Amino acid sequence: EQMDILRKGTVEIIPEEELAKKIENAIKTRKPLNVKLGCDPSVPDLHIGHSVVLNKLREFQDLGHTAILIVGDYTGMIGDPSGKKKTRPQLTFEETRENGKSYFDQASRILDKDKTKIVYNSEWLSKIDLKELISILGKFTVQRILERDDFTNRMRDQVEVSMHELLYPIMQGYDSYAIDADVELGGTDQKFNNLVGRDMQKRYGKEPQVVMLMPLLEGTDGSEKMSKSLNNYIGISEDPKDIFGKTMSIPDTLIYKYFVLCTNVSAEELKDIKLTLEDENNNPRDMKRKLGVELVKMYYDEETALRTIEEFDTIFIKKEIPDDIPELEMTENSVRLIDLLTN
């Protein structure tokens, strides 16, 4: 039953049979699994693209397992090279700490805050001296690290790869060893990093973690990965009317994917939604409205969601004046129209 729930929306489970065995053992011994999710403190503002892995972590929580959120305050000073065409700007330790706190506050809109264990990887990485670092690096080859496309593509294009970037997957892998992770969650762009964690545990004689990869979510433009820099995102802490309004702007082709990855609707509801969307007699807009309501409910509450859809209908369907509208008072007796509009 747990596997049926956890398979939903996943791209790959490496290896799936090991996860089933780990869950069986957890049930027999009544010892929950340690489920790891590393968060990148270079991004303090979360959007629903981040919610894809956070929702999966919440599923593990609801099944009784231990959610461990690792804030990469030390690895954040390196910067994750995944998907990057050049070296990322290095953050200070203080910046990674501050961003990590913001991440946890927002993630708590999805996770059960009281049942989430939050740790900073500086707790163990800061204690590694040069002697131990040499020992850790000796467990991996340059060829293994250069297998990742990000590095080989940059070298092919004669774009520099800094030495500290090569450490990133090894340090992230050490996190899995340090906390005895049974499962690590990540997007498909994290496959290399997560598998290094599995290798790290093996090399230290520990039972390797299972890697669970979730799809990357396209943004509201329908083509590029959701990103704040591309302005195609729906922020989880945005105003409810913005969450709903942006949801109404997504392409029809993404409606079902958003339902699967970003909401908590049941498997039965998903079947009905799929059938409705496949029926050409139905207007996809109705399902998009339902999606918008579900998202606002997740990050606020049902009352707010209903109020938001009423306001949306008032403005965009009935073409009426909204309840909340800014007022501007002019002090001049007369003003040029162009100046009025500018003000």
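If you're wondering where the values come from, they're calculated on a predicted model, not measured in any experiment.

S.K.: What is the right way to read the overall build of the chain from this model?
M.R.: Within the chain, the regular secondary structure consists of 17 helices and six strands. Out of the 343 residues belonging to the chain, those deemed buried represent 45%. Taking contacts inside the chain between residues at least 6 apart in sequence as the whole, the part at least 24 apart equals 74%. Summed over all atoms, the accessible surface of the chain reaches about 18600 Å², with 49% contributed by carbon and sulfur. Taking the average place of the 48 positive charges on the side chains of the chain and the average place of its 63 negative ones, the gap between the two points comes to 6 Å.

S.K.: Sorry if this is basic, but what is going on with the nonpolar core here?
M.R.: Side chains of a nonpolar character, in soluble globular proteins, are inclined to be buried together. Counting 60 residues, the largest nonpolar core has Leu-19, Ile-48, Val-183 and Tyr-258 as the members making the most contacts within it. For this core, the leading source of residues is helix 15 (residues 284–299), giving seven residues. Other than its neighbours up to four places away in sequence, Ile-48 contacts Leu-217, Met-226, Ile-234, Ile-236, Tyr-258, Cys-262, Leu-295 and Tyr-299. Residues Val-119, Ile-145, Ile-170 and Met-171 belong to the second largest nonpolar core, which totals 20 residues.

S.K.: Please explain the packing of helix 12 (residues 240–247) against helix 15 as it appears in this structure.
M.R.: In helix packing, the relevant descriptors are the interaxial angle and the interaxial distance, both defined with respect to the helix axes. Taken N-terminus to C-terminus, the directions of helix 12 and helix 15 make an angle of 150°; their axes are 8 Å apart at the nearest point. Classified by the angle between their axes, helix 12 and helix 15 sit roughly antiparallel to one another. Like other packed secondary-structure pairs, helix 12 and helix 15 cross with a definite hand, here right-handed. Contact residues: helix 12 offers Pro-240, Ile-243, Phe-244 and Thr-247, while helix 15 offers Lys-288, Arg-289, Leu-291, Gly-292, Val-293, Leu-295, Val-296 and Tyr-299.

S.K.: Quick question: what am I supposed to make of the packing of aromatic side chains here?
M.R.: Two numbers describe a pair of aromatic rings. These are the distance of the centres and the angle of the planes. Inspection of the entire model under this criterion finds four aromatic pairs. Pairing Tyr-174 with Tyr-204 gives two aromatic rings, centres 6.3 Å apart and planes at 85°, and the pair type is edge-to-face. Taken together, the residues Tyr-174 in helix 10 (residues 168–179) and Tyr-204 in the loop between helix 11 (191–203) and strand 6 (210–214) connect sequence positions 30 residues apart. Ring centres 4.2 Å apart and planes at 20° place the aromatic pair Tyr-177 and Tyr-204 in the stacked group. A residue pair is termed long-range when its members are at least 10 positions apart, and Tyr-177 in helix 10 and Tyr-204 in the loop between helix 11 and strand 6 qualify at 27 residues. Members of the aromatic cluster, connected to one another through ring pairs, are Tyr-174, Tyr-177 and Tyr-204. One residue, Arg-109, lies across the ring of Tyr-300, its end atom 5.3 Å from the ring centre.

S.K.: Would you take a moment to explain helix 13 (residues 255–262) for this structure?
M.R.: Side chains three or four residues apart in an α-helix point the same way, a direct result of the helix having 3.6 residues per turn. Of all eight residues in helix 13, six are buried, a share of seventy percent or more. Buried within helix 13 we find Ile-255, Tyr-258, Phe-259, Val-260, Leu-261 and Cys-262. Contacts from the buried residues of helix 13 go to helix 3 (48–62), strand 6, helix 14 (267–278) and helix 15.

S.K.: Explain the pairing of strand 2 (residues 34–39) here, please?
M.R.: Side-chain positions along a regular strand alternate between the two faces of the sheet. With six bridges connecting them, strand 2 and strand 3 (residues 66–71) associate as parallel partners. If you follow Asn-34 over to strand 3, its bridge partner there is Thr-66. When strand 2 meets strand 5 (residues 183–187), the two strands line up parallel, connected through two bridges. By the bridge assignment for strand 5, Val-35 is matched with Val-183.

S.K.: Is there a simple way to explain the environment of Val-196 in this structure?
M.R.: Locating Val-196 in the fold gives a position in helix 11. The exposure class assigned to Val-196 is buried, which follows from its relative accessible area of 0%. Sequence separation between Val-196 and Val-161 is 35 residues, and the spatial gap between their C-alpha atoms is 19 Å. Beyond its immediate stretch of four places on either side in the chain, Val-196 contacts Phe-140, Arg-144, Pro-169, Ile-170 and Gly-173.

S.K.: Looking at this structure, how should I read the sheet that holds strand 3?
M.R.: Where strands meet in a sheet, backbone hydrogen bonds hold them as pairs that are either parallel or antiparallel. Pairing is mixed across the open sheet formed by six strands, whose spatial order is 1-6-5-2-3-4. On the outer flanks of this sheet lie strand 1 (12–14) and strand 4 (116–120), each paired with one strand and no other. Between one strand axis and the next, the sheet turns through 25° on average, direction left out of account. In the sheet, strand 3 pairs with strand 4 via five bridges, with the strands oriented parallel. Bridge pairing in strand 4 links Leu-69 to Ile-118. Strands strand 2, strand 3, strand 4, strand 5 and strand 6 of the sheet are contacted by helix 3, whose axis makes an angle of about 155° with strand 5. Set on the sheet, helix 11 makes contact with strand 1, strand 5 and strand 6; between it and strand 6 the angle comes to about 170°.

S.K.: What's the story with helix 11 in this structure? I'm lost.
M.R.: For helix 11, spanning 13 residues, the distance from its first C-alpha to its last is 18 Å, which sits close to the expected 18 Å at 1.5 Å a residue. All of the buried residues along helix 11 are Phe-192, Asn-193, Asn-194, Val-196, Gly-197, Arg-198, Asp-199, Met-200 and Gln-201.

S.K.: Got a minute to help me understand the pattern of salt bridges in this structure?
M.R.: Working definition: two side chains of opposite charge can pair if their charged atoms are close together. A full pass over the atoms with the stated rule returns 24 salt bridges. The salt bridge involving Arg-336 is made with Asp-339; its shortest N-O contact spans 3.7 Å. The class of Arg-336 is exposed, set by a relative accessible area of 57%. The network of salt bridges with common partners includes Asp-4, Arg-7 and Glu-16.

Reading guide: rules and limits
Residues numbered from 1 in each chain as written. Predicted model: local features only at pLDDT ≥ 70, side-chain atom pairs only at ≥ 80, totals over all residues. Heavy atoms only, no water. Helix = DSSP H or I, 4+ residues; strand = E, 2+ residues; numbered from the N terminus. Buried < 20%, exposed > 50% of the residue type's maximum accessible area, 1.4 Å probe, protein only. Contact = heavy atoms within 4.5 Å. Areas by Shrake-Rupley, 256 points an atom, 1.4 Å probe, with all protein chains shown as cover. Lys, Arg positive; Asp, Glu negative; His and termini not counted. Charge placed at Lys NZ, Arg CZ, Asp CG, Glu CD. Core = buried A, V, L, I, M, F, W, Y, C linked by side-chain atoms within 4.5 Å. Axes fitted to C-alpha atoms, helices over the stretch in contact; angles between N-to-C directions. Parallel < 35°, antiparallel > 145°, perpendicular 65-115°, else oblique. Left-handed = near helix turned anticlockwise from the far one by under 90°. Phe/Tyr/Trp six-rings, centres within 6.5 Å; stacked < 30°, edge-to-face > 60°. Lys NZ or Arg CZ within 6 Å of the ring centre and 35° of its normal. Pairing = 2+ DSSP bridges. Expected span 1.5 Å × (residues − 1). Salt bridge = Lys/Arg side-chain N within 4 Å of Asp/Glu carboxyl O.

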